[in-house]
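# Observations on chain architecture
Read off the chains here:
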Amino acid sequence: MRPHFPDFCGCEVCREDALVYTLNRIPARYVSSTTGSAVTEVTLEKEQSRAAIEVSMMDGLRKISLAPRCGRTRPAKQS
Ligand SMILES: [Zn+2]
């Protein structure tokens, strides 16, 4: 989705912020497996799950682009 957000910084701090933002806003659907690793029950092929995640992610990318925590300043608009 990055190409849709040219203002998104993309550094490690901002990428993590975007992921955390998204994960905090979608329902948790993790179950533990017998092997001890966590697996997700979200099937990305299911359009509804995918759309909900994408909406949250776009929201996060937009917000973080406006105020990146890493302190990156947005390029000044030429006028
Ligand atoms: Zn950044």
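Fair warning: this is a prediction, and the values are worked out from it, not measured in the lab.

Regarding its fold elements, the protein presents two helices and two strands. Long-range contacts, defined as pairs at least 24 residues apart, comprise 72% of the intrachain contacts of the protein with a sequence gap of at least 6.

Let us now look at the environment of L23. One can find L23 in helix 1 (residues 12–25). L23 sits in the partly exposed class, given 13 other C-beta atoms within 10 Å. When the C-alpha atoms of L23 and S56 are compared, they prove to be 8.4 Å apart, with 33 residues separating the residues in sequence.

The N-to-C vectors of helix 1 and helix 2 (residues 47–66) enclose an angle of 140°; their axes lie 8 Å apart at closest approach. Our classification of the angle between helix 1 and helix 2 gives oblique. Note that helix 1 runs across helix 2; the crossing there is right-handed. Facing C14, D17, A18, Y21, T22 and R25 of helix 1, the residues of helix 2 in contact are I53, S56, M57, G60, L61, K63 and I64. Grouping the amino acids of the contact of helix 1 with helix 2 by side-chain chemistry returns seven nonpolar, three polar and three charged.

This next bit is on helix 2. For helix 2, built from 20 residues, the straight-helix expectation of 28 Å at 1.5 Å per residue is met to within 8% by its first-to-last C-alpha distance of 29 Å. Buried within helix 2 are the following residues: G60, L61 and I64. Buried residues of helix 2, seen end-on, are gathered within an arc of 100° and therefore sit on one face of the element. In helix 2, the exposed residues that point more than 90 degrees away from the buried face are E47, Q48, A51 and L66. Tucked inside the fold, the buried residues of helix 2 contact helix 1.

Bringing the environment of P27 into the picture now. Relative to the elements of secondary structure, P27 occurs in the loop between helix 1 and strand 1 (30–32). Taking C-alpha positions, P27 is 9.7 Å from S49, a pair spaced 22 residues apart along the chain.

In this structure, G60 sits in helix 2. In this structure, the C-alpha to C-alpha distance between G60 and R25, residues 35 residues apart in sequence, is 9.6 Å. Setting aside chain neighbours within four positions, we find G60 in contact with A18, Y21 and T22.

Conventions and cut-offs
Residues numbered from 1 in each chain as written. Predicted model: local features only at pLDDT ≥ 70, side-chain atom pairs only at ≥ 80, totals over all residues. Helix = DSSP H or I, 4+ residues; strand = E, 2+ residues; numbered from the N terminus. Contact = placed C-beta atoms within 7 Å. Buried ≥ 20, exposed ≤ 12 C-beta atoms within 10 Å, placed from the backbone. Axes fitted to C-alpha atoms, helices over the stretch in contact; angles between N-to-C directions. Parallel < 35°, antiparallel > 145°, perpendicular 65-115°, else oblique. Left-handed = near helix turned anticlockwise from the far one by under 90°. Nonpolar A, V, L, I, M, F, W, Y, C, P; charged D, E, K, R; others polar. Expected span 1.5 Å × (residues − 1). Arc of directions from axis to C-beta.

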